[in-house]
Amino acid sequence: HDLLLWQNTEILFSRWPSTRTGMYVLALVFIFVLSLLVEWLSHCQLVKPESKNLEAGLIQTLMHVIRVGLAYLVMLAFMSFNVSVLLMAIAGHGVGFFLFGSRAFKKTETVPYEKHTDLPPI
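These figures come from a predicted structure and were not determined experimentally. (Residues numbered from 1 in each chain as written. Predicted model: local features only at pLDDT ≥ 70, side-chain atom pairs only at ≥ 80, totals over all residues. Heavy atoms only, no water.)

Engineer: Any chance you could explain the overall build of the chain here in plain terms?
Structural biologist: Within the chain one finds 3 helices and 0 strands. Ordered by position in the sequence, the α and β elements of the chain form the string α-α-α. Restricting the contact set of the chain to residue pairs at least 6 apart, pairs at least 24 apart contribute 63%. When the accessible surface of the chain is totalled, it reaches about 8,600 Å², and 68% of it is carbon and sulfur. (Helix = DSSP H or I, 4+ residues; strand = E, 2+ residues; numbered from the N terminus. Contact = heavy atoms within 4.5 Å. Areas by Shrake-Rupley, 256 points an atom, 1.4 Å probe, with all protein chains shown as cover.)

Engineer: So what exactly am I meant to see when it comes to helix 2 (residues 53–78) here?
Structural biologist: An α-helical segment advances 3.6 residues per turn. Residues three or four places apart therefore align on the same side. Its 26 residues give helix 2 an end-to-end C-alpha distance of 37 Å, which sits within 8% of 38 Å, the value for a rise of 1.5 Å per residue. Among the residues of helix 2, those classed as buried are A56, M63, R67, L70, V74 and A77. On the buried face of helix 2, the contacting elements are helix 1 (21–43) and helix 3 (83–101). (Expected span 1.5 Å × (residues − 1). Buried < 20%, exposed > 50% of the residue type's maximum accessible area, 1.4 Å probe, protein only.)

Engineer: Even after reading the chapter, I still don't get helix 3, so can you show me in this structure?
Structural biologist: Spanning 19 residues, helix 3 covers 25 Å between terminal C-alpha atoms, matching the ideal 27 Å at 1.5 Å per step. Contacts made by the buried residues of helix 3 are with helix 1 and helix 2.

Engineer: What is the right way to read a nonpolar patch on the surface from this model?
Structural biologist: Where nonpolar side chains cluster on the molecular surface, the patch consists of Y72, M75, L76, F78, M79, F81, L86 and I90 and spans about 810 Å² of accessible area. Going through the elements one at a time, helix 2 and helix 3 are the ones with two or more residues in the nonpolar patch. Considering every element that reaches the nonpolar patch, the biggest residue donor is helix 2, with 4 residues. With respect to the helices, strands and loops of the structure, F81 is situated in the loop between helix 2 and helix 3. (Patch = residues over 30% accessible without salt bridge, like charges linked within 9 Å, V, L, I, M, F, W, Y side chains within 5 Å. Salt bridge = Lys/Arg side-chain N within 4 Å of Asp/Glu carboxyl O.)

Engineer: Sorry if this is basic, but what is going on with the UniProt feature "transmembrane region" (unreviewed entry) in the chain here?
Structural biologist: The UniProt record marks residues 22–42 with the feature "transmembrane region" (unreviewed entry), using the residue numbering of this structure. Secondary structure content for residues 22–42 is 100% helix and 0% strand, and the end C-alpha separation is 30 Å. (UniProt positions renumbered as here; feature names shortened; annotations may be inferred.)

Engineer: Any chance you could explain the packing of aromatic side chains here in plain terms?
Structural biologist: Working definition: an aromatic ring pair is given by the centre-to-centre distance plus the angle between the planes. Overall, the coordinates contain 1 aromatic pair when judged by the stated rule. With centroids separated by 5.4 Å and ring planes inclined at 75 degrees, the aromatic side chains of F98 and F105 adopt a geometry described as edge-to-face. (Phe/Tyr/Trp six-rings, centres within 6.5 Å; stacked < 30°, edge-to-face > 60°.)

Engineer: What is the right way to read the nonpolar core from this model?
Structural biologist: Where a protein is soluble and globular, its nonpolar side chains tend to be buried together. Counting 17 residues, the largest nonpolar core has I11, I31 and V85 as the members making the most contacts within it. When contributions to this core are tallied by element, the ones reaching two or more residues are helix 1, helix 2 and helix 3. Residue contributions to this core peak at 7 residues, all from helix 1. Residues contacting I11, with those up to four places away along its chain left out, are W16, P17, Y24, A27, I31, A77, S80 and V85. (Core = buried A, V, L, I, M, F, W, Y, C linked by side-chain atoms within 4.5 Å.)

Engineer: What exactly am I supposed to notice about the packing of helix 1 against helix 2 here?
Structural biologist: Packed helices, taken two at a time, are described by the angle their axes make and the gap between the axes. Following both chains from N to C, one finds helix 1 and helix 2 inclined at 150 degrees, their axes separated by 9 Å at the closest point. When the interaxial angle is binned, helix 1 and helix 2 end up roughly antiparallel. Viewed along their axes, helix 1 and helix 2 form a crossing whose handedness is left-handed. Along the contact surface, helix 1 presents I31, L34, S35, L37, V38, L41 and S42, while helix 2 presents M63, I66, R67, L70, A71, L73, V74 and A77. Counted by class, the contact of helix 1 with helix 2 contains 12 nonpolar, 2 polar and 1 charged residues. (Axes fitted to C-alpha atoms, helices over the stretch in contact; angles between N-to-C directions. Parallel < 35°, antiparallel > 145°, perpendicular 65-115°, else oblique. Left-handed = near helix turned anticlockwise from the far one by under 90°. Nonpolar A, V, L, I, M, F, W, Y, C, P; charged D, E, K, R; others polar.)

Have a look at this one:
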């Protein structure tokens, strides 16, 4: 049978996801999760308030490097010019922001411009 055009794309690695539908779906889920992780890292607090400046700085730097690396992977996947990849990246960022960045699950109201995360916005 003829394969659909959207199945003949390469995302991130050569010959991946190949022509198998299951691998294509896995690739889309992978992009969604990468985008979600970028948002989680953008809004998490892993540095304890009592941490020393050097220790906190090293943790923040590692978090920043991981966030930038994940964001670049999402960008590289988008460079496949596949609309499904774009939609999964946007959905991952949207769900990630809703879960980790919005007030939906916060117990108290936040004061505007108050720092609540370890990393500055992207």
